[in-house]
Amino acid sequence: MRKDGALKKVLLQACDRYEQKRLKDFFAKGFQTLGLPIDKKAVLLKPNLLSGKPPEKAVTTHPEFIRALAEILLEHGCRITIGDSPGYESTKKVLNNSCIMDVIKYFGLNISPFNRKILKKLDGISPYRQFTLGEDPGDYDLVINLPKLKTHTMMGLTLGVKNTFGFIHAFEKARWHLRAGKDRMLFASTLIDIHTIVNPHLTILDGILGMDGDGPSNGRPRQLGVLAMSTSAFILDDAIEKLVRPHYPLPVTTLAKEHGLIESYETVAYSTPVINDFRMPDTVMDTDWSIPQPVKTLLKNTFVKKPKIIRAACKQCGICVKVCPAKALSIRQHEAPLFDYKKCIRCYCCQEMCPEGAIKI
Ligand code: SF4
Ligand code: SF4
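Please read these numbers as outputs of a predicted model, since none were measured by experiment.

Brief notes about the side chain of Asp136
With respect to the helices and strands, Asp136 occurs in the loop between strand E6 (130–133) and strand E7 (142–146). By relative accessible area, Asp136 is classed as buried at 14%. At 2.9 Å, the side chain of Asp136 and the backbone nitrogen of Gly138 are in polar contact. In this structure Asp136 touches Arg116, Ile118 and Lys120, once residues within four positions along its chain are discounted.

In C-alpha coordinates, the structure reads:
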(Lines give C-alpha, C1' and ligand atoms only; values in the text may rest on other atoms or scores of the structure.)
(Ligands and ions follow the chains in the order given, each with its own letter.)
Protein backbone atom coordinates (compact mmCIF):
# COMPACT_ATOMS: atom_id res chain seq x y z
CA MET A 1 0.00 0.00 0.00
CA ARG A 2 1.33 3.45 -0.90
CA LYS A 3 2.16 5.03 2.44
CA ASP A 4 2.68 8.64 1.36
CA GLY A 5 -1.03 9.57 1.26
CA ALA A 6 -2.93 10.28 4.45
CA LEU A 7 -6.23 9.62 2.71
CA LYS A 8 -7.76 6.21 3.23
CA LYS A 9 -10.94 6.40 1.26
CA VAL A 10 -12.81 4.29 -1.20
CA LEU A 11 -15.18 6.02 -3.58
CA LEU A 12 -18.21 4.14 -4.86
CA GLN A 13 -20.79 5.03 -7.44
CA ALA A 14 -23.69 3.17 -9.01
CA CYS A 15 -23.40 3.38 -12.79
CA ASP A 16 -25.36 1.27 -15.25
CA ARG A 17 -23.67 2.13 -18.56
CA TYR A 18 -20.45 3.23 -20.18
CA GLU A 19 -21.57 6.78 -20.82
CA GLN A 20 -18.60 9.10 -21.34
CA LYS A 21 -19.95 12.07 -19.40
CA ARG A 22 -20.87 10.02 -16.34
CA LEU A 23 -17.53 8.23 -16.35
CA LYS A 24 -15.55 11.43 -16.77
CA ASP A 25 -17.53 13.08 -13.92
CA PHE A 26 -16.73 10.13 -11.63
CA PHE A 27 -13.02 10.18 -12.51
CA ALA A 28 -12.76 13.97 -12.08
CA LYS A 29 -14.58 13.89 -8.71
CA GLY A 30 -12.34 11.01 -7.66
CA PHE A 31 -9.05 12.73 -8.48
CA GLN A 32 -10.24 15.76 -6.52
CA THR A 33 -11.58 13.85 -3.49
CA LEU A 34 -8.44 11.72 -3.24
CA GLY A 35 -6.19 14.76 -3.73
CA LEU A 36 -4.32 13.17 -6.61
CA PRO A 37 -2.55 15.66 -8.94
CA ILE A 38 -2.70 14.51 -12.57
CA ASP A 39 -1.17 17.44 -14.49
CA LYS A 40 1.49 16.62 -17.11
CA LYS A 41 2.30 13.14 -15.79
CA ALA A 42 3.80 10.12 -17.51
CA VAL A 43 0.97 7.69 -16.83
CA LEU A 44 0.89 3.90 -17.07
CA LEU A 45 -2.59 2.40 -17.37
CA LYS A 46 -2.77 -1.26 -16.38
CA PRO A 47 -6.14 -2.72 -17.43
CA ASN A 48 -7.11 -6.39 -17.18
CA LEU A 49 -6.06 -7.84 -20.57
CA LEU A 50 -6.46 -11.50 -19.66
CA SER A 51 -7.41 -12.66 -23.17
CA GLY A 52 -8.63 -11.25 -26.45
CA LYS A 53 -12.41 -11.24 -26.05
CA PRO A 54 -14.89 -8.59 -27.18
CA PRO A 55 -16.12 -6.08 -24.53
CA GLU A 56 -19.53 -7.78 -24.07
CA LYS A 57 -17.80 -10.91 -22.74
CA ALA A 58 -16.62 -8.88 -19.71
CA VAL A 59 -13.16 -10.48 -19.70
CA THR A 60 -11.17 -7.26 -20.18
CA THR A 61 -11.53 -3.73 -18.81
CA HIS A 62 -14.10 -2.01 -21.07
CA PRO A 63 -12.70 0.19 -23.89
CA GLU A 64 -15.22 2.99 -23.16
CA PHE A 65 -14.06 3.07 -19.53
CA ILE A 66 -10.48 3.50 -20.76
CA ARG A 67 -11.57 6.08 -23.36
CA ALA A 68 -13.14 8.34 -20.71
CA LEU A 69 -10.12 8.07 -18.42
CA ALA A 70 -7.63 8.67 -21.26
CA GLU A 71 -9.55 11.75 -22.36
CA ILE A 72 -9.39 13.33 -18.90
CA LEU A 73 -5.69 12.54 -18.50
CA LEU A 74 -4.91 13.99 -21.95
CA GLU A 75 -6.87 17.14 -21.12
CA HIS A 76 -4.42 17.52 -18.21
CA GLY A 77 -1.39 17.17 -20.50
CA CYS A 78 -0.48 13.58 -19.53
CA ARG A 79 1.48 11.14 -21.70
CA ILE A 80 -0.20 7.76 -21.57
CA THR A 81 1.15 4.23 -21.94
CA ILE A 82 -1.15 1.25 -21.69
CA GLY A 83 0.07 -2.27 -21.04
CA ASP A 84 -0.30 -5.72 -19.52
CA SER A 85 0.98 -9.24 -20.03
CA PRO A 86 -1.99 -11.38 -21.14
CA GLY A 87 -2.35 -15.07 -20.34
CA TYR A 88 -1.14 -16.59 -23.61
CA GLU A 89 -1.73 -14.14 -26.49
CA SER A 90 0.30 -11.08 -27.45
CA THR A 91 -0.63 -7.75 -25.84
CA LYS A 92 -1.44 -6.31 -29.30
CA LYS A 93 -3.78 -9.17 -30.16
CA VAL A 94 -5.71 -8.75 -26.91
CA LEU A 95 -5.87 -4.98 -27.39
CA ASN A 96 -7.26 -5.52 -30.90
CA ASN A 97 -9.85 -8.12 -29.95
CA SER A 98 -11.00 -6.23 -26.87
CA CYS A 99 -11.45 -3.03 -28.99
CA ILE A 100 -9.08 -1.13 -26.69
CA MET A 101 -6.82 -0.67 -29.73
CA ASP A 102 -9.47 1.67 -31.22
CA VAL A 103 -9.02 3.97 -28.21
CA ILE A 104 -5.23 3.71 -28.42
CA LYS A 105 -5.25 4.66 -32.12
CA TYR A 106 -7.82 7.43 -31.65
CA PHE A 107 -5.73 9.19 -28.98
CA GLY A 108 -2.27 8.06 -30.15
CA LEU A 109 -1.38 6.30 -26.87
CA ASN A 110 1.75 4.21 -26.32
CA ILE A 111 1.69 0.44 -25.76
CA SER A 112 3.91 -1.56 -23.43
CA PRO A 113 3.87 -5.36 -23.94
CA PHE A 114 5.33 -5.92 -20.44
CA ASN A 115 8.11 -8.10 -21.83
CA ARG A 116 11.11 -6.54 -20.08
CA LYS A 117 12.94 -8.31 -17.26
CA ILE A 118 13.07 -6.05 -14.22
CA LEU A 119 14.29 -7.75 -11.06
CA LYS A 120 12.68 -6.46 -7.86
CA LYS A 121 13.43 -7.56 -4.31
CA LEU A 122 11.07 -7.39 -1.36
CA ASP A 123 11.14 -8.65 2.20
CA GLY A 124 7.39 -9.12 2.20
CA ILE A 125 4.83 -11.54 3.62
CA SER A 126 5.36 -14.45 1.21
CA PRO A 127 8.36 -16.79 1.49
CA TYR A 128 9.72 -15.34 -1.77
CA ARG A 129 12.17 -12.45 -1.97
CA GLN A 130 12.69 -11.82 -5.71
CA PHE A 131 10.22 -11.10 -8.48
CA THR A 132 10.82 -10.39 -12.16
CA LEU A 133 8.44 -7.83 -13.62
CA GLY A 134 7.73 -7.24 -17.32
CA GLU A 135 7.58 -3.46 -16.87
CA ASP A 136 9.07 -1.04 -14.34
CA PRO A 137 6.35 0.93 -12.54
CA GLY A 138 9.11 3.26 -11.33
CA ASP A 139 9.52 4.60 -14.88
CA TYR A 140 6.15 6.40 -14.61
CA ASP A 141 4.92 9.34 -12.51
CA LEU A 142 1.51 7.76 -12.11
CA VAL A 143 0.56 4.08 -12.27
CA ILE A 144 -3.20 3.52 -12.53
CA ASN A 145 -4.47 0.00 -11.94
CA LEU A 146 -7.73 -0.73 -13.84
CA PRO A 147 -9.21 -4.07 -12.73
CA LYS A 148 -12.48 -5.57 -13.88
CA LEU A 149 -14.97 -6.91 -11.31
CA LYS A 150 -14.87 -10.66 -11.97
CA THR A 151 -14.91 -13.97 -10.17
CA HIS A 152 -11.83 -16.18 -10.13
CA THR A 153 -11.99 -19.96 -9.70
CA MET A 154 -8.91 -20.04 -7.50
CA MET A 155 -9.00 -16.77 -5.52
CA GLY A 156 -12.76 -16.17 -5.44
CA LEU A 157 -12.59 -12.72 -7.02
CA THR A 158 -10.07 -10.87 -9.18
CA LEU A 159 -9.99 -7.21 -8.20
CA GLY A 160 -7.32 -4.56 -7.61
CA VAL A 161 -4.61 -6.59 -5.87
CA LYS A 162 -4.90 -9.58 -8.23
CA ASN A 163 -4.79 -7.29 -11.29
CA THR A 164 -1.16 -6.33 -10.67
CA PHE A 165 -0.13 -10.00 -11.12
CA GLY A 166 -0.20 -8.96 -14.81
CA PHE A 167 3.12 -7.16 -14.21
CA ILE A 168 4.68 -10.63 -14.16
CA HIS A 169 5.49 -11.78 -17.67
CA ALA A 170 3.32 -14.59 -19.08
CA PHE A 171 5.99 -17.34 -18.86
CA GLU A 172 7.00 -16.25 -15.38
CA LYS A 173 3.33 -16.38 -14.32
CA ALA A 174 3.26 -20.14 -14.93
CA ARG A 175 6.34 -20.49 -12.74
CA TRP A 176 4.60 -18.61 -9.93
CA HIS A 177 1.51 -20.76 -10.29
CA LEU A 178 3.70 -23.84 -9.92
CA ARG A 179 5.61 -22.49 -6.91
CA ALA A 180 2.70 -20.98 -5.01
CA GLY A 181 -0.49 -22.10 -6.74
CA LYS A 182 -1.10 -25.32 -4.81
CA ASP A 183 -2.04 -23.34 -1.70
CA ARG A 184 -4.51 -20.45 -1.95
CA MET A 185 -3.10 -18.55 1.03
CA LEU A 186 0.47 -18.93 -0.26
CA PHE A 187 -0.64 -17.65 -3.66
CA ALA A 188 -2.51 -14.78 -1.98
CA SER A 189 0.64 -13.79 -0.08
CA THR A 190 2.57 -13.81 -3.38
CA LEU A 191 -0.07 -11.60 -5.02
CA ILE A 192 0.17 -9.16 -2.11
CA ASP A 193 3.97 -8.96 -2.40
CA ILE A 194 3.80 -8.34 -6.15
CA HIS A 195 1.16 -5.68 -5.59
CA THR A 196 3.33 -4.06 -2.90
CA ILE A 197 6.23 -3.85 -5.35
CA VAL A 198 4.08 -2.38 -8.14
CA ASN A 199 2.48 -0.02 -5.60
CA PRO A 200 0.03 1.70 -7.98
CA HIS A 201 -0.90 5.29 -7.13
CA LEU A 202 -4.53 4.62 -7.89
CA THR A 203 -6.91 1.74 -8.53
CA ILE A 204 -10.14 2.31 -10.47
CA LEU A 205 -12.51 -0.65 -10.80
CA ASP A 206 -14.66 -1.26 -13.86
CA GLY A 207 -17.64 -3.05 -12.35
CA ILE A 208 -20.34 -1.78 -14.72
CA LEU A 209 -20.36 -4.95 -16.78
CA GLY A 210 -18.70 -7.63 -14.66
CA MET A 211 -18.61 -11.39 -14.41
CA ASP A 212 -19.89 -13.91 -11.87
CA GLY A 213 -19.94 -17.72 -11.90
CA ASP A 214 -16.79 -19.53 -13.00
CA GLY A 215 -14.69 -16.50 -14.00
CA PRO A 216 -12.33 -14.90 -14.85
CA SER A 217 -12.88 -15.77 -18.54
CA ASN A 218 -15.66 -18.33 -18.79
CA GLY A 219 -18.16 -17.08 -16.24
CA ARG A 220 -21.42 -15.20 -16.76
CA PRO A 221 -21.15 -11.58 -18.00
CA ARG A 222 -23.45 -9.55 -15.75
CA GLN A 223 -24.61 -6.00 -15.40
CA LEU A 224 -23.26 -5.15 -11.92
CA GLY A 225 -23.37 -1.35 -12.11
CA VAL A 226 -20.41 -0.44 -9.88
CA LEU A 227 -17.57 2.04 -10.15
CA ALA A 228 -14.94 2.23 -7.40
CA MET A 229 -11.75 4.19 -6.88
CA SER A 230 -9.09 4.30 -4.16
CA THR A 231 -5.41 4.99 -3.66
CA SER A 232 -5.33 1.58 -1.91
CA ALA A 233 -6.35 -1.54 -3.82
CA PHE A 234 -6.52 -3.43 -0.51
CA ILE A 235 -9.24 -1.11 0.72
CA LEU A 236 -11.04 -1.11 -2.62
CA ASP A 237 -11.04 -4.93 -2.71
CA ASP A 238 -12.40 -5.07 0.83
CA ALA A 239 -15.24 -2.67 -0.02
CA ILE A 240 -16.17 -4.62 -3.16
CA GLU A 241 -16.08 -7.99 -1.39
CA LYS A 242 -18.49 -6.60 1.18
CA LEU A 243 -20.80 -5.49 -1.63
CA VAL A 244 -20.65 -8.82 -3.41
CA ARG A 245 -20.38 -11.41 -0.68
CA PRO A 246 -20.70 -14.33 0.17
CA HIS A 247 -17.56 -15.83 1.71
CA TYR A 248 -16.16 -12.48 2.76
CA PRO A 249 -13.26 -12.15 3.40
CA LEU A 250 -11.47 -14.07 0.64
CA PRO A 251 -7.78 -15.10 0.86
CA VAL A 252 -6.16 -11.82 -0.32
CA THR A 253 -8.33 -9.69 1.96
CA THR A 254 -7.90 -12.08 4.90
CA LEU A 255 -4.12 -11.86 4.67
CA ALA A 256 -4.14 -8.11 3.99
CA LYS A 257 -6.11 -7.62 7.21
CA GLU A 258 -3.79 -9.87 9.19
CA HIS A 259 -0.80 -7.85 8.01
CA GLY A 260 -2.27 -4.43 8.74
CA LEU A 261 -2.79 -3.48 5.10
CA ILE A 262 -6.49 -2.80 5.64
CA GLU A 263 -7.09 -0.40 8.47
CA SER A 264 -10.28 1.53 9.10
CA TYR A 265 -11.25 3.55 6.05
CA GLU A 266 -13.96 5.87 4.87
CA THR A 267 -16.42 4.83 2.19
CA VAL A 268 -17.63 7.77 0.12
CA ALA A 269 -20.68 6.62 -1.84
CA TYR A 270 -21.77 9.22 -4.42
CA SER A 271 -24.66 6.82 -4.98
CA THR A 272 -24.97 3.34 -3.52
CA PRO A 273 -24.44 0.35 -5.81
CA VAL A 274 -26.44 -2.78 -4.98
CA ILE A 275 -25.43 -6.23 -6.22
CA ASN A 276 -27.93 -9.04 -5.81
CA ASP A 277 -27.56 -12.78 -6.33
CA PHE A 278 -23.90 -12.66 -7.16
CA ARG A 279 -22.80 -16.17 -8.04
CA MET A 280 -19.35 -17.13 -6.75
CA PRO A 281 -17.37 -19.91 -8.51
CA ASP A 282 -18.25 -23.47 -7.45
CA THR A 283 -14.66 -23.90 -6.26
CA VAL A 284 -15.28 -21.22 -3.63
CA MET A 285 -18.92 -21.96 -2.77
CA ASP A 286 -18.26 -25.63 -2.02
CA THR A 287 -15.00 -25.05 -0.22
CA ASP A 288 -14.96 -26.10 3.41
CA TRP A 289 -12.95 -23.19 4.82
CA SER A 290 -12.53 -24.95 8.18
CA ILE A 291 -10.17 -27.54 6.67
CA PRO A 292 -6.59 -26.23 6.86
CA GLN A 293 -4.98 -25.67 3.45
CA PRO A 294 -2.01 -28.06 4.04
CA VAL A 295 -4.52 -30.89 4.66
CA LYS A 296 -6.39 -29.95 1.50
CA THR A 297 -3.17 -29.86 -0.52
CA LEU A 298 -2.17 -33.28 0.78
CA LEU A 299 -5.59 -34.81 0.18
CA LYS A 300 -6.42 -32.74 -2.88
CA ASN A 301 -8.31 -35.51 -4.68
CA THR A 302 -10.78 -35.60 -1.76
CA PHE A 303 -11.09 -31.93 -0.84
CA VAL A 304 -10.28 -29.86 -3.89
CA LYS A 305 -12.40 -29.86 -7.06
CA LYS A 306 -10.87 -31.20 -10.24
CA PRO A 307 -10.94 -29.58 -13.68
CA LYS A 308 -12.68 -31.70 -16.35
CA ILE A 309 -12.99 -31.36 -20.11
CA ILE A 310 -16.31 -31.13 -21.92
CA ARG A 311 -15.16 -33.09 -24.96
CA ALA A 312 -17.94 -31.88 -27.25
CA ALA A 313 -16.84 -28.25 -26.71
CA CYS A 314 -13.08 -28.86 -27.03
CA LYS A 315 -11.47 -27.66 -30.29
CA GLN A 316 -8.12 -29.35 -29.47
CA CYS A 317 -6.26 -26.04 -29.66
CA GLY A 318 -3.74 -27.16 -27.01
CA ILE A 319 -3.76 -23.86 -25.09
CA CYS A 320 -4.61 -25.60 -21.80
CA VAL A 321 -1.61 -27.93 -22.28
CA LYS A 322 0.63 -24.93 -22.97
CA VAL A 323 -0.46 -22.93 -19.91
CA CYS A 324 -0.54 -25.79 -17.37
CA PRO A 325 2.35 -25.01 -14.98
CA ALA A 326 2.44 -28.58 -13.60
CA LYS A 327 2.54 -30.30 -17.01
CA ALA A 328 -0.51 -32.25 -15.89
CA LEU A 329 -2.19 -32.18 -19.33
CA SER A 330 -1.25 -34.03 -22.47
CA ILE A 331 -2.83 -34.00 -25.91
CA ARG A 332 -2.76 -36.33 -28.92
CA GLN A 333 -3.67 -35.32 -32.44
CA HIS A 334 -7.44 -35.04 -33.00
CA GLU A 335 -8.21 -35.81 -29.34
CA ALA A 336 -9.17 -33.72 -26.33
CA PRO A 337 -6.42 -33.36 -23.70
CA LEU A 338 -6.09 -35.79 -20.79
CA PHE A 339 -5.47 -34.82 -17.16
CA ASP A 340 -2.93 -36.41 -14.84
CA TYR A 341 -4.61 -35.59 -11.52
CA LYS A 342 -1.58 -36.74 -9.53
CA LYS A 343 0.41 -33.90 -11.05
CA CYS A 344 -2.45 -31.36 -11.11
CA ILE A 345 -2.06 -28.65 -8.43
CA ARG A 346 -5.64 -27.27 -8.92
CA CYS A 347 -4.54 -23.82 -10.01
CA TYR A 348 -7.34 -23.80 -12.67
CA CYS A 349 -5.16 -21.94 -15.21
CA CYS A 350 -6.48 -24.39 -17.84
CA GLN A 351 -10.09 -23.47 -17.06
CA GLU A 352 -9.15 -19.79 -17.00
CA MET A 353 -7.44 -19.85 -20.41
CA CYS A 354 -9.58 -22.27 -22.44
CA PRO A 355 -11.00 -20.06 -25.21
CA GLU A 356 -13.97 -22.39 -25.74
CA GLY A 357 -15.10 -22.65 -22.11
CA ALA A 358 -14.57 -26.41 -22.49
CA ILE A 359 -13.05 -26.95 -19.05
CA LYS A 360 -15.38 -27.11 -16.08
CA ILE A 361 -14.56 -27.58 -12.44
S1 SF4 B 1 -9.92 -27.88 -23.48
FE2 SF4 B 1 -10.00 -25.80 -24.30
S3 SF4 B 1 -7.87 -25.08 -24.24
FE4 SF4 B 1 -7.83 -27.30 -24.00
S5 SF4 B 1 -7.52 -28.06 -26.07
FE6 SF4 B 1 -9.75 -28.06 -25.69
S7 SF4 B 1 -10.45 -26.07 -26.48
FE8 SF4 B 1 -8.22 -25.93 -26.28
S1 SF4 C 1 -4.41 -29.31 -15.13
FE2 SF4 C 1 -5.31 -27.28 -14.94
S3 SF4 C 1 -5.72 -27.08 -12.74
FE4 SF4 C 1 -4.32 -28.80 -12.97
S5 SF4 C 1 -2.28 -27.88 -12.71
FE6 SF4 C 1 -2.72 -27.89 -14.89
S7 SF4 C 1 -3.59 -25.88 -15.30
FE8 SF4 C 1 -3.68 -26.19 -13.08
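Still more to cover.
Some thoughts on helix H1 (residues 20–34)
Over its 15 residues, H1 runs 21 Å from end to end, which matches the ideal 21 Å to within 8%, given 1.5 Å per residue. Leu23, Lys24, Phe26, Phe27, Gly30, Phe31 and Leu34 are the residues of H1 that are buried. Buried residues along H1 cover an arc of 160 degrees about the axis, so they all sit on one side. Among the exposed residues of H1, those pointing more than 90 degrees away from its buried face are Lys21 and Gln32. Where H1 is buried, its residues touch strand E1 (9–14), helix H2 (63–75), strand E10 (202–212) and strand E11 (220–230). In the stretch just after H1, Gly35 is the one whose phi turns positive, near 65 degrees.

Some thoughts on the state of the cysteines
Under the counting rule described, the total for this entry stands at zero disulfides. Lacking any disulfide linkage, Cys99 is separated from the closest cysteine sulfur, that of Cys15, by 19 Å.

Some thoughts on the environment of Ile38
With respect to the secondary-structure elements, Ile38 resides in the loop between H1 and strand E2 (42–47). For Ile38, a relative accessible area of 5% gives the class buried. It is 8.0 Å that separates the C-alpha atoms of Ile38 and Leu142, two residues lying 104 residues apart in sequence. Beyond its immediate chain neighbours, meaning those up to four positions away, Ile38 contacts Phe31, Ile72, Leu73, His76, Cys78 and Leu142.

Quick look at the site of ligand 1
Inspection of the region around ligand 1 gives Cys314, Lys315, Gln316, Cys317, Gly318, Cys320, Pro337, Cys354, Pro355, Glu356 and Ile359 as its neighbouring residues. Its residues placed into classes, the shell around ligand 1 shows seven nonpolar, two polar and two charged.

Some points on the nonpolar core
Among the nonpolar cores identified, the biggest contains 54 residues, and Leu149, Ile192, Ile240 and Phe278 are the most heavily contacted of them. Looking at this core, the elements that each hand over two or more residues are E1, E6, helix H6 (170–180), helix H7 (184–198), E11, helix H8 (233–244) and helix H9 (251–258). If you tally residues by element for this core, the top one is H7, at eight residues. In this structure, this core is formed jointly by two domains, domain 1 (9–269) and domain 2 (282–360), each of which donates at least three residues. Phe27, Phe31, Leu34 and Cys78 belong to the second-largest nonpolar core, a separate cluster that totals 41 residues.

As for the layout of surface pockets
One number sums up the size of the largest pocket: a volume of about 610 Å³. Going through the elements one at a time, strand E8 (148–152), helix H5 (160–163), H6, helix H13 (319–323) and helix H14 (349–353) are the ones with two or more residues in the lining of the largest pocket. If you tally residues by element for the lining of the largest pocket, the top one is H6, at five residues. Split by residue class, the lining of the largest pocket holds 13 nonpolar, 12 polar and eight charged. Residue-level mapping places the lining of the largest pocket at the junction of two domains, with at least three residues from each of domain 1 (9–269) and domain 2 (282–360).

Here we look at the domain arrangement of the protein
Assigned domains of the protein: these are domain 1 (9–269) and domain 2 (282–360). Spacing between the C-alpha centres of domain 1 and domain 2 amounts to 25 Å. On the side of domain 2, 23 residues touch domain 1, which itself brings 24 residues to the contact. Overall, the association of domain 1 and domain 2 removes approximately 2,300 Å² of surface from exposure, summing both partners, and the carbon and sulfur fraction of that is 58%. For the pair domain 1 and domain 2, the interface holds zero salt bridges.

Remarks on the pairing of E8
With five of its five residues buried, E8 lies for the most part within the structure. Of the two faces of E8, the one carrying Lys148, Lys150 and His152 and the one carrying Leu149 and Thr151 are both buried. Sheet topology places E8 next to strand E9 (residues 156–158); three bridges connect them, and they run antiparallel. By the bridge assignment for E9, Thr151 is matched with Leu157. Hairpin connection of E8 to E9: three residues between the antiparallel strands.

Topic: unusual backbone geometry
Omega for the peptide link from Gly215 to Pro216 comes to 15 degrees, which places this bond in the cis form. Structurally, the position occupied by Pro216 is in the loop between E10 and E11. Its identity is not glycine, yet Asp277 carries a phi of approximately 50 degrees, on the positive side. Its relative accessible area of 69% is what places Asp277 among the exposed residues. Although it is not a glycine, Gln316 adopts a positive phi angle of roughly 55 degrees.

Calculation criteria
Residues numbered from 1 in each chain as written. Chains lettered and ligands numbered in written order. Predicted model: local features only at pLDDT ≥ 70, side-chain atom pairs only at ≥ 80, totals over all residues. Heavy atoms only, no water. Helix = DSSP H or I, 4+ residues; strand = E, 2+ residues; numbered from the N terminus. Buried < 20%, exposed > 50% of the residue type's maximum accessible area, 1.4 Å probe, protein only. Polar contact = N/O pair within 3.5 Å; in protein donor to acceptor, adjacent residues only side chain to side chain. Contact = heavy atoms within 4.5 Å. Expected span 1.5 Å × (residues − 1). Arc of directions from axis to C-beta. Disulfide = S-S within 2.5 Å. Near = heavy atom within 4 Å. Nonpolar A, V, L, I, M, F, W, Y, C, P; charged D, E, K, R; others polar. Core = buried A, V, L, I, M, F, W, Y, C linked by side-chain atoms within 4.5 Å. Domains from an automatic or database assignment. 1 Å grid on protein atoms, 1.4 Å probe; cavity = no way out; pocket = protein on both sides within 12 Å on 5 of 7 lines; lining within 4 Å. Points joined across faces, edges and corners; volume = space filled by probe spheres on them. Buried area = accessible area lost by both parts, 1.4 Å probe. Salt bridge = Lys/Arg side-chain N within 4 Å of Asp/Glu carboxyl O. Pairing = 2+ DSSP bridges.

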